[in-house]
Amino acid sequence: RDQGATAWRVRGQVDLADIPGSTMEGTVGGYYEEKEAGYSSLYDQVYTDKRIWGAFADVDLTDTLTTKLTYDDFSDDDGQIKRDGTASISWQMDEYWKVSFGVSYRELMSPLAKGAGKRGYDGKRFDAGVRVDYKHSDDVELYAFGQGTLGRSGDIDRNDRLGVGAKVRLTDKIGAEAEVSYGT
């Protein structure tokens, strides 16, 4: 196949502390990428034009309150769409306890998957969750979380889950993490 194709990407981010006169701390950024049908690399074979773009923010609102926002938007000329957005806010109550609340949005459309009879590739879903972290010591962190689907349309699956987890530092260079959860 003797077809030329291009791909390009631009990414950027800024540290809010580097903005003259800014009193906020954190980073914001974004990206945009396009790949034309026929583009090929060691990791990628592109059969239809694709576009993906996104943005993020990770901002300290106060010494104890932080927020994170992300959004990613993918589409291609075959009609495939994947949109994911998240927003969370975390409160560091004291040196031991942290509580986080978040919401997420997902939209999927895959004509190829639908045509093959697969479920879960055509719909929208809105989820919310909460997580509580406890720092037992410098070497041990424990957490519990719960999340649930608040609304959905199409044939996308629910995303309800409850779980607990732990992070343990065994040595200065070795650690272990474990999580157990159950859900739909």
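All values reported here derive from a predicted model rather than from experimental measurement.

Analysis parameters
Residues numbered from 1 in each chain as written. Predicted model: local features only at pLDDT ≥ 70, side-chain atom pairs only at ≥ 80, totals over all residues. Heavy atoms only, no water. Helix = DSSP H or I, 4+ residues; strand = E, 2+ residues; numbered from the N terminus. Rg over C-alpha atoms; globule rule 2.2 N^0.38 Å. Buried < 20%, exposed > 50% of the residue type's maximum accessible area, 1.4 Å probe, protein only. Contact = heavy atoms within 4.5 Å. Areas by Shrake-Rupley, 256 points an atom, 1.4 Å probe, with all protein chains shown as cover. Polar contact = N/O pair within 3.5 Å; in protein donor to acceptor, adjacent residues only side chain to side chain. Pairing = 2+ DSSP bridges.

K.L.:
Break down the overall build of the protein for me, citing the residues and quoting the values.
P.N.:
Assigned secondary structure in the protein consists of one helix and ten strands. Scaling as 2.2 N^0.38, a compact globule of 184 residues should have a C-alpha radius of gyration of about 16 Å, whereas the protein reaches 21 Å, well beyond that. Referenced to the eigenvectors of the C-alpha coordinate spread, the extents of the protein come out at roughly 60 × 45 × 35 Å. The proportion of buried residues among the 184 residues of the protein is 23%. Within the protein, residue pairs in contact and separated by at least 24 positions form 41% of the contacts whose partners lie at least 6 positions apart. Here the protein displays about 12300 Å² of accessible surface, and carbon together with sulfur accounts for 54% of that area.

K.L.:
How would you explain the side chain of Asp73 if you had to name every residue and give the values?
P.N.:
Within the element layout of this structure, Asp73 appears in strand E4 (residues 65-76). On the basis of relative accessible area, Asp73 is assigned to the buried category, the value being 9%. Of note is the side chain of Asp73, whose polar atom sits 2.7 Å from the side chain of Tyr71. There is a polar contact of 2.9 Å between the side chain of Asp73 and the side chain of Arg83. Non-local contacts of Asp73, meaning those with residues more than four positions away in its chain, are made with Arg51, Ile52, Trp53, Lys82 and Arg83.

K.L.:
Before we move on, could you go through the pairing of E4 and cite the residues and values that matter?
P.N.:
Looking at chain direction, strand E3 (residues 50-60) and E4 are connected through eleven bridges and run antiparallel. Paired with Lys50 across the two strands is Asp76, which belongs to E4. In this structure, the hairpin formed by E3 and E4 is closed by a connection of four residues. Examined bridge by bridge, E4 and strand E5 (residues 81-92) share eleven bridges and lie antiparallel to one another. Directly across from Phe74, in E5, lies its bridge partner Lys82. Where E4 folds back onto E5 in an antiparallel hairpin, the turn is made up of four residues, including Gly79, whose phi is positive at roughly 95 degrees.

K.L.:
I'd like to hear about the side chain of Thr67, residue by residue, with values.
P.N.:
Among the structural elements, Thr67 can be located in strand E4. Polar contacts involving the side chain of Thr67 include one to the main-chain carbonyl oxygen of Ser88, which spans 2.9 Å. In contact with Thr67, other than residues within four places in its own chain, are Ala57, Asp58, Val59, Leu61, Ser88 and Ile89.

K.L.:
Which residues make up the environment of Glu34, and what values go with them?
P.N.:
As for its position among the elements, Glu34 is in strand E2 (residues 25-35). For the pair Glu34 and Ala7, spaced 27 residues apart in the sequence, the C-alpha separation amounts to 5.5 Å. In this structure Glu34 touches Thr6, Ala7, Trp8, Lys50 and Arg51, once residues within four positions along its chain are discounted. Among the polar contacts made by the side chain of Glu34, one reaches the side chain of Tyr32 at a distance of 2.5 Å.

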